[in-house]
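# Summary of structural features
Here is what each chain is made of, one letter per residue.
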Amino acid sequence: MKKSGSITSPSWSDKFSQGLFFGLFCHEMCFLQFIWVSHSQITRLYSRFTSLDKGENGTLSREDFQRIPELAINPLGDRIINAFFPEGEDQVNFRGFMRTLAHFRPIEDNEKSKDQNGPEPLNSRSNKLHFAFRLYDLDKDDKISRDELLQVLRMMVGVNISDEQLGSIADRTIQEADQDGDSAISFAEFVKVLEKVDVEQKMSIRFLH
Amino acid sequence: MPRTPTANGIIERDETTMEKEIALLHRADFEFSHIFYFCRKGFEAIVEDEVTQRFSSEELLSWNLLTRTNVNFHYISLRLTVVWVIGVIVRYCFLLPLRFTLAAIGITSMIVGTTAVGQLPNSSVKNYLSEVVHLTCSRILVRALSGTIHYHNKENRPRKGGICVANHTSPIDAIILTNDGCYAMVGQVHGGLMGIIQRATVKACPHVWFERSEMKDRHLVTKRLREHVADKSKLPILIFPEGTCINNTSVMMFKKGSFEIGGTIYPVAIKYDPQFGDAFWNSSKYNIVSYLLRIMTSWAIVCNVWYLPPMVRKEDEDAVQFANRVRSAIARQGGLTELPWDGGLKRAKVKDTFKEEQQKNYSKMLVRNGSIGSLSAETESD
């Protein structure tokens, strides 16, 4: 979206294009059946997006997310915030915001028999698992190495567990899940470990209306 | 942290605690699926969190013909729009000038009256006259806002030498309370019109105004307040322990400073009726002038004030526990939710100690599930 206003205050053309974009976006959503949220839900989420956007420039930065206290105290808060920002970027617009949130839509039964030829919806079980995988895979090389697992574990436990104990936890976890003996977890191995887990329920957020 | 669902909630918050979700997985220690708990909690907070919504006006279920409270304004019908236009004309062209005149009269008479009374030597006559002036001007100002206030349990009204604490929604809370009794205000010295009012009133009645530099020194503040409370002939102090304006749907953390002074605490619960106007001052969005303009162009300010029975600190309670006890009483009476979060989060970042607490809880679960214990047993036997 071309920004014609100044950085500090959005111009009228910015606001207009935002509004226009939002209108077109709703159509895009429904037409592509990409995310399949209802109109009222998009409106609520857009309202939430604008309330988080303190700079009022149509995008959210990492600081905007950090301002949510419940997210700031989450041990994995930084990794979650990171999931919103594509490689190398510092701002996420509403489309990116919705895209990431779309992973958490509950899977409806009647969707399973929908258009098989179309692109897989973002909230499919496979895509939810892929999202979780990416939370572990810090360097995005499609493998969870021992170091990466250690780093994520360290985020979750803070200073309360020693390095040796944490190391042994990581070793055991990798050993149990690793099938091809490369001391790293690939996505396929990750899926196999979690095959009995009800991913759909654990990685879903239900809307009230 | 206890969570009560809001009527206008967007999403169904999952109430499963960390213990239930992670510890029940009976396999020994860390699992890849543990991340799902944190992930979901994080995303729930992103979509809707308990704290930031308290710093903006409450959303109403049914519209009250003020566009400011209709967040997702869209055209509904011609008839409704006509009614709304009539409403705008009535509010801006008829009510606003009346209210503004009344407010001007009220403020002028407050300044003139208190300055006049302040010239008298200290005596019971002066105190009596000062009370009359304060009450009268306060009543004029409440009329200027078209305030309709219902006071409940007047027998519990704050007495001299006590401390009155109340939940804070807007600057007019003080006027709402002084409409029914006289208090000694506590606050920072301001400039401009507010400063003039402060300087005038302090001559007639011993209000406690602090310089900005003095406010930083907590001991100085506590000392001065303690001296005031110790003098049983002085009017009760009015304090808002939340420290900032909250949107009247919840009561946030009470700062313990007010509860360390000693003396009797008289809690007061104030609940505004949002149907007639939004009293909340969102100081990051509106300055005081535009806030007052909004208040004066609402339909009315209708609120309920409950005077609660006085409370004192128990022997085995510390200031924080006492503050929480008072807060619960106020929240219960006013029908507000209680949040343990600090109102200062409006502007400040949350402290790292909370994150460390979460990390500690999770670590305890990992250790408890036995893996670490059995591991050390193995190495010992080697």
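Residues numbered from 1 in each chain as written. Chains lettered and ligands numbered in written order. Predicted model: local features only at pLDDT ≥ 70, side-chain atom pairs only at ≥ 80, totals over all residues. Heavy atoms only, no water.

This is how the line gets drawn: UniProt positions are given in the numbering used here, feature names are shortened, and annotations may be inferred rather than shown by experiment.
The name given to chain B in an unreviewed UniProt entry is Phospholipid/glycerol acyltransferase domain-containing protein, with the source organism recorded as Zosterops lateralis melanops. Word for word, the UniProt comment on chain B under Subcellular location (unreviewed entry) is "Endoplasmic reticulum membrane". In its Sequence similarities (unreviewed entry) section, the UniProt record describing chain B reads: "Belongs to the 1-acyl-sn-glycerol-3-phosphate acyltransferase family."

If you check an unreviewed UniProt entry, chain A appears there as Calcineurin like EF-hand protein 1 from Zosterops lateralis melanops. Recorded in UniProt under Sequence similarities (unreviewed entry), the annotation for chain A is "Belongs to the calcineurin regulatory subunit family. CHP subfamily."

### A short note on the environment of Gly277 of chain B
All names here are of chain B. Threshold: Helix and strand assignments come from DSSP, with helices taken as H or I runs of at least 4 residues and strands as E runs of at least 2, each series counted from the N terminus. For the exposure calls, accessible area comes from a 1.4 Å probe over protein chains only, and a residue counts as buried if that area is under 20% of its type's maximum, exposed if over 50%, partly exposed in between. Contacts are residue-level and defined by heavy atoms, with any inter-residue pair within 4.5 Å sufficient.
Examined against the element boundaries, Gly277 turns out to sit in the loop between β7 (265-272) and α9 (288-296). Among the residues examined, Gly277 registers a relative accessible area of 4% and is labelled buried. Gly277 sits 211 residues away from Leu66 along the chain, and the two C-alpha atoms are 8.0 Å apart. If sequence neighbours within four positions are ignored, Gly277 has contacts with Asn64, Leu66, Ser298 and Ala300.

### Quick notes on the environment of Glu200 of chain A
Residues and elements named next belong to chain A. The cut-off we apply is this: Two N or O atoms form a polar contact when they lie within 3.5 Å of each other; inside protein one atom must be a possible hydrogen donor and the other a possible acceptor, and for residues adjacent in sequence the pair counts only when both atoms belong to side chains.
Mapped onto the fold, Glu200 is located in helix α12 (residues 199-202). Separated by 127 residues in sequence, Glu200 and Ile73 place their C-alpha atoms 25 Å apart. Separated by 3.5 Å, the side chains of Glu200 and Arg125 make a polar contact.

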